Amino acid sequence: MLDLGIVPAVPLERFRLDVDGLVRNRLSLDWEALQALRQTTLRSDIHCVTSWSRYDNDWTGVRTRELMARADPVAEAGHVILHGHDGYTTNLPIADFVTADSILATHWQGEPLEREHGGPLRAVVPHLYFWKSAKWLKRIEVIGTDRAGYWERNGYHMYGDPWSEQRYG
Ligand SMILES: Nc1nc2c(c(=O)[nH]1)N[C@H]1C(S)=C(S)[C@@H](COP(=O)(O)O)O[C@H]1N2
Ligand SMILES: [Mo]
């Protein structure tokens, strides 16, 4: 599916990643603070809703589960809304956001993530359709009850499992 058509520029010196909502520890990390967290490389396949897939992607960055453990969501936390600098949003269950294969990526195939593909930071949640993997990530909002993001409001599935082809809601 197409992007919103905006490719935002996020200079590293102005970079911030906020984690807020239903958490005990709100986080607001600048680029240096993000780099100071443990960096991991994970290989995964991605599946777009328009039926293309791209195999064997090496993503490097911070595991979502390690970041979210620092934020310490409260028991009522059920979902997250990922916010991009282009105004994009997407919703997914917090349990899916923190799976072992999910990562906040700054690098793809060993190179800094290109701006077009979400650099400097994007989410990668490979077991859901790729529209759930927000590019130009700036905010992780932890919420209780599920709320539709951009494509989800426009007819896409609230969950988006590629294996059962949950394209449209
Ligand atoms: N912030 C933001 N993230 C986004 C999108 C977008 O428009 N804005 N598009 C989504 C969709 S529909 C897809 S298929 C992938 C595309 O990622 P790519 O450009 O790296 O192929 O990003 C997803 N994440
Ligand atoms: Mo897409």
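Residues numbered from 1 in each chain as written. Chains lettered and ligands numbered in written order. Predicted model: local features only at pLDDT ≥ 70, side-chain atom pairs only at ≥ 80, totals over all residues. Heavy atoms only, no water.

Engineer: Would you explain the packing of aromatic side chains in this entry?
Structural biologist: The relative placement of two aromatic rings is captured by the distance of their centres and the angle of their planes. Enumeration over the complete set of coordinates arrives at 9 aromatic pairs. Ring plane angle 85 degrees and centroid distance 6.2 Å describe the contact between Trp52 and Phe130, whose orientation is recorded as edge-to-face. Pair noted here: Trp52 is in the loop between β3 (40-47) and β4 (53-63) and Phe130 is in the loop between β9 (122-124) and β10 (137-143), with a separation of 78 residues, a long-range link. For Trp52, a relative accessible area of 35% gives the class partly exposed. Arranged with centres 5.6 Å apart and planes meeting at 75 degrees, the rings of Tyr156 and Tyr168 form a pair that is edge-to-face. In this pair, Tyr156 sits in the segment after α4 (150-153) while Tyr168 sits in the segment after α4, placing the two residues 12 residues apart along the sequence. Tyr168 gets classed as exposed once you look at its relative accessible area, which sits at 55%. Of the aromatic side chains, those joined through ring pairs into one cluster are Tyr88, Tyr129, Trp131, Tyr150, Trp151, Tyr156 and Tyr168. (Phe/Tyr/Trp six-rings, centres within 6.5 Å; stacked < 30°, edge-to-face > 60°. Helix = DSSP H or I, 4+ residues; strand = E, 2+ residues; numbered from the N terminus. Buried < 20%, exposed > 50% of the residue type's maximum accessible area, 1.4 Å probe, protein only.)

Engineer: Would you explain the site of ligand 1 in this entry?
Structural biologist: Residues in close proximity to ligand 1 total 17 residues, the closest being Asp86, His117, Arg122, Ser133 and Lys135. Side-chain polar atom of Asp86 to a nitrogen atom of ligand 1: 2.7 Å apart, as the coordinates give it. In this structure, His117 approaches ligand 1 through a side-chain N or O atom, which is 2.7 Å from an oxygen atom. Protein chains bury 95% of the 530 Å² of accessible surface belonging to ligand 1 in isolation. Taken together, the residues that form the shell around ligand 1 break down as 10 nonpolar, 2 polar and 5 charged. (Near = heavy atom within 4 Å. Polar contact = N/O pair within 3.5 Å; in protein donor to acceptor, adjacent residues only side chain to side chain. Areas by Shrake-Rupley, 256 points an atom, 1.4 Å probe, with all protein chains shown as cover. Nonpolar A, V, L, I, M, F, W, Y, C, P; charged D, E, K, R; others polar.)

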